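Fold and contact review
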Amino acid sequence: MRVGVLCSTKWGTLDMVAQLTTGERQLAIVVLSLVALLGLAMAAAGRADPIGVHGFIVLAICCGLIFVVLGAYYAPEPSPERLEHYYDDPSKVGIVLTMAWAVVGMFLGVWVASLLAWPDLTFDAAWASFGRLRPAHTSAVIFGFGGNALIATSFHVLQRTSRARLPDQFSPWFVLIGYNLFCVVAATGYFMGVTQSKEYAEPEWYADIWLVVVWVTYFAIYIRTLARRKEPHIYVANWYYMAFILVVAILHIVNNLAVPVSFGHAKSYSVFSGVQDAMVQWWYGHNAVAFFLTAGFLGMMYYYLPKRAGRPIYSYRLSIISFWGITFMYMWAGSHHLLYTALPQWVQTLGMTFSLILLVPSWASAGNALATLNGAWHKVRDDATLRFMMAAAVFYGLTTFEGSFLAIRPVNSLSHYTDWTVGHVHAGALGWVALITFGSIYCIVPWLWKRERMYSARLVEVHFWLAIIGTVIYVFAMWNSGIIQGLMWRTYNENGTLTYSFVESMVAMHPYYIARAFGGLLFLMGAIVGSYNIWMTIRGEAEVAPESADLPEPRLASAPGE
Amino acid sequence: MNFDHDTVVGFTKSWGLFYLIAMAVGVLIYVFWPSNLERFHAAKKNILDEDDKPWK
Amino acid sequence: MAEFHRKIERNAMGFVLAIVVVASIGGFVEIAPLFTIDDTVENVQDMRLYTPLEQAGRDIYTREGCYACHSQMIRTLRDEVERYGPYSLAVESKYDHPMLWGSKRTGPDLARIGGKYSDAWQVAHLINPRDVVPESVMPKYGWLQRNALRIDDLGEHLAALRDVGVPYTDDMIANATQDALGQAAPDGDFAAGVVKRYGQATQVRAFDGDPGTITEMDALVAYLQIMGHLTDAAYKQAAAAEPAK
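Computed from a predicted model, the values in this text were never measured in an experiment. (Residues numbered from 1 in each chain as written. Chains lettered and ligands numbered in written order. Predicted model: local features only at pLDDT ≥ 70, side-chain atom pairs only at ≥ 80, totals over all residues. Heavy atoms only, no water.)

As a further point, take the overall build of chain A. Of regular secondary structure, chain A possesses 18 helices and 2 strands. Computed over C-alpha atoms, the radius of gyration of chain A comes to 24 Å, within 12% of the 24 Å expected from 2.2 N^0.38 for 562 residues, which places it in the range of a compact globule. Taken over the C-alpha atoms alone, chain A extends approximately 85 × 65 × 45 Å along its principal axes. Burial status across chain A gives 65% buried among its 562 residues. In chain A, 81% of the contacts between residues at least 6 apart in sequence involve partners at least 24 apart. Of the accessible surface of chain A, which amounts to about 19000 Å², a share of 71% is contributed by carbon and sulfur atoms. (Helix = DSSP H or I, 4+ residues; strand = E, 2+ residues; numbered from the N terminus. Rg over C-alpha atoms; globule rule 2.2 N^0.38 Å. Buried < 20%, exposed > 50% of the residue type's maximum accessible area, 1.4 Å probe, protein only. Contact = heavy atoms within 4.5 Å. Areas by Shrake-Rupley, 256 points an atom, 1.4 Å probe, with all protein chains shown as cover.)

Written out as structure tokens, the structure reads:
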């Protein structure tokens with residue numbers, strides 16, 4: 001039997017289903033049927049409303065998956081020998097999904113970026129307008145790409161650091177597939193105009209409730225696996241993953257409290273309004289950055305970076321101190337998104353103060369990562385995978401510095417509402433989140449599929465430089481446009497009146513918007529190159545692992561491109 | 001509890017600060033507690049081991 | 001006791017609790033008082049409600065993601081006040097579920113856009129922004145003029161808003177559909193009712209230029225034209241501060 005088969009081919013999926021016990025297969029069919037019924041109920045209640053369309057989408061996906069399970073329903077029971085190995089099938093599928101979402105999300109990003117330079121570069125249809133594509137872009141990269149990467153790597157790291165297998169073989173699938181169902185409902189919803197308009201929390205009430213169910217299961221997997229761990233001490237990477245799971249749950253539930261118009265309407269109204277809503281939203285928004293895009297990915301960094309460098313983390317104690325610093329202080333910083341607004345002054349001041357102190361644990365983490373590489377710099381030079389992670393740590397340090405800087409009131413008065421914020425976000429999203437993810441994925445793919453190395457080291461190198469150059473162009477373009485914008489808005493002439501009209505400031509942005517779209521395009525090309533490389537690695541032959549007695553045939557040739 | 005502006009300012013300026021310090025001290029004690037040193041060291045090294053199997 | 005402690009450590013529950021407690025404090029201290037401190041939101045007498053048509057327009061503004069490029073929050077900075085008008089007060093978004101303050105100005109702030117341009121300008125601009133502002137990079141929204149507005153469920157929308165705290169009356173909820181029709185058709189039978197329920201200042205016009213059909217364009221323009229005019233508090237405060245300058 002082939003172990004490292006493609007997950008998307010018929011063989012791969014059947015093999016993966018055959019790995020489930022009969023009980024788990026039955027459970028899968030029962031749960032899928034229940035969710036399918038839920039979809040049917042949504043379709044019936046919603047009719048022409050978008051929630052009805054979503055009902056049909058849910059129904060179709062569940063029916064498709066039921067057929068997949070039925071396809072191998074009568075396969076023989078998996079051998080008990082499987083319990084001797086970690087359970088990695090969900091991680092494998094998660095990684096493929098990560099790359100698929102990356103390409104989709106980054107393509108949408110390039111598209112919306114181009115629309116700001118050439119506004120008519122779209123179809124005369126509602127779904128293809130900027131306002132609907134933009135949340136599709138942000139959700140596809142944050143939740144589709146980032147979320148899948150977190151789920152896939154967290155299962156991998158959790159098992160290795162606990163030396164324990166996942167508690168069962170059904171719930172990881174429920175989390176992975178359920179989460180992607182959420183992403184699909186979210187993305188298709190935006191095209192239909194379904195949005196709460198809360199930034200990074202756009203999906204409507206029914207998708208939000210579904211995500212809570214998925215998230216509770218995710219948490220349960222973590223707790224159940226940790227309960228069977230070998231060492232009493234929990235490795236610090238899991239601390240970060242745990243904080244990610246727990247705090248995102250708190251943020252998600254509070255910020256999304258809403259009253260639907262009816263069960264047949266996708267539309268709901270937030271229970272918060274005005275200034276309270278603004279505070280709740282940016283408490284959520286800022287901490288989604290903190291705990292989704294930072295804590296989870298720090299977990300990734302604390303495992304894959306030392307692993308790849310072959311050196312233990314520089315200071316384990318420092319990683320714990322910065323953990324509590326980040327967990328405590330980030331939650332205060334959200335109000336720096338609302339400086340000079342109608343939010344009471346004392347909340348603004350608290351937000352600014354904590355944003356500044358936050359630099360300490362952030363730089364402790366970045367420094368800890370870089371210090372780990374001391375003595376391994378020759379590896380960084382030769383190994384693009386490790387270089388991805390090194391560059392990510394550098395961008396993490398830069399972005400957190402910039403974040404604290406932008407939270408200072410006078411700086412914020414200039415930068416807020418401008419492209420500088422967009423540049424800052426992308427320095428973090430491209431430079432930190434995406435680079436650490438790509439680095440981790442280039443580590444994990446050969447390990448999981450039992451390959452000696454990636455299909456092509458040279459393509460990893462190409463990806464690295466496309467990503468770096470794309471990020472730098474993007475960020476510099478946005479720094480320029482943001483600062484110019486901010487200055488033009490507040491320039492006075494000698495008569496004491498404003499010099500520039502808004503339109504003039506907008507025209508001045510044009511060249512930078514072109515540069516930004518180009519930077520994004522390079523980054524997208526890097527992701528496509530990476531996906532190809534990963535695909536070819538998966539398709540290649542497995543190496544003979546000494547402990548896998550079920551792989552008799554010898555590996556024929558070393559991977560091409562080496 | 002009646003939250004008015006003074007209560008909150010009072011809390012942040014007094015207990016808020018103590019709370020922050022207490023938390024920092026707590027974390028530092030945990031981190032530098034001698035008997036914890038060994039498990040930290042083990043955790044740091046263990047992830048580099050190559051055995052790719054559950055322990056039981 | 002030792003057994004209990006072992007269990008806690010095995011299940012990592014103490015650790016979970018520690019994370020939840022440590023992470024919750026910041027949000028609690030900053031958010032909870034906003035609901036209980038009285039002067040967070042100013043108390044004004046003349047604050048009016050969105051009519052069903054305006055609320056429908058607001059829902060379209062939300063649906064199309066306008067907030068991604070337009071803020072609705074004028075900060076307390078001199079250049080913003082001179083460019084856009086008196087700075088925004090908390091009370092002005094008191095009935096905004098959710099708020100649409102926004103975080104980015106690819107286009108200008110819209111907090112006080114109401115009444116600055118004619119209905120005809122707004123309609124032409126939404127159909128093709130570059131017809132009236134050649135340099136604009138805003139998307140075209142031609143379909144708003146083509147789509148009939150869904151009005152049969154406006155009562156349910158108002159009822160949901162009442163559930164979250166907007167003081168709509170039973171009368172308003174029961175007549176929501178007619179009020180929407182009435183506001184967009186000044187010569188029709190329902191025009192008097194909407195003025196009666198929502199006040200003399202209610203703008204009753206064929207916003208999209210066509211009183212015959214009620215379109216999404218009607219709703220969105222009705223919303224744009226009321227923005228910044230739910231209360232005069234900000235203008236009064238600015239006028240009062242003027243001599244002192």
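Moving on from the coordinates now.
Now for empty space enclosed by the protein. All names here are of chain C. Tallied over the entire structure, the rule returns 6 cavities of 30 Å³ or more. Approximately 200 Å³ is the volume attributed to the second largest cavity. Around the second largest cavity, the lining comprises 19 residues; the ones closest to its centre are Q72, E92, D96, A111 and G228. In terms of residue class, the lining of the second largest cavity is built from 10 nonpolar, 6 polar and 3 charged. (1 Å grid on protein atoms, 1.4 Å probe; cavity = no way out; pocket = protein on both sides within 12 Å on 5 of 7 lines; lining within 4 Å. Points joined across faces, edges and corners; volume = space filled by probe spheres on them. Nonpolar A, V, L, I, M, F, W, Y, C, P; charged D, E, K, R; others polar.)

Right, let's get into the environment of A:E199. All names here are of chain A. Within the secondary structure, E199 is located in the loop between α6 (171-192) and α7 (205-227). When the C-alpha positions of E199 and R516 are compared, they lie 21 Å apart, and in sequence the two are 317 residues distant. There is a polar contact of 3.1 Å between the side chain of E199 and the side chain of R134. (Polar contact = N/O pair within 3.5 Å; in protein donor to acceptor, adjacent residues only side chain to side chain.)

This part is about the interface of chain A and chain C. Each partner contributes to the interface: chain A provides 96 residues, whereas chain C provides 82 residues. On the chain A side of the interface with chain C, the three residues burying the most area are A:Y269, A:Y417 and A:F502, jointly 11% of the side's total. Among the salt bridges present, the one from C:D59 reaches A:K267, with a minimum N-O distance of 3.6 Å. Our enumeration of links across chain A and chain C arrives at 24 residue pairs in polar contact (both at pLDDT 80 or more). It is helix α9 (residues 274-309) of chain A that provides the largest number of residues to the side of chain A that touches chain C, a total of 10 residues. Classifying every residue of the side of chain A that touches chain C gives 56 nonpolar, 24 polar and 16 charged. (Buried area = accessible area lost by both parts, 1.4 Å probe. Salt bridge = Lys/Arg side-chain N within 4 Å of Asp/Glu carboxyl O.)

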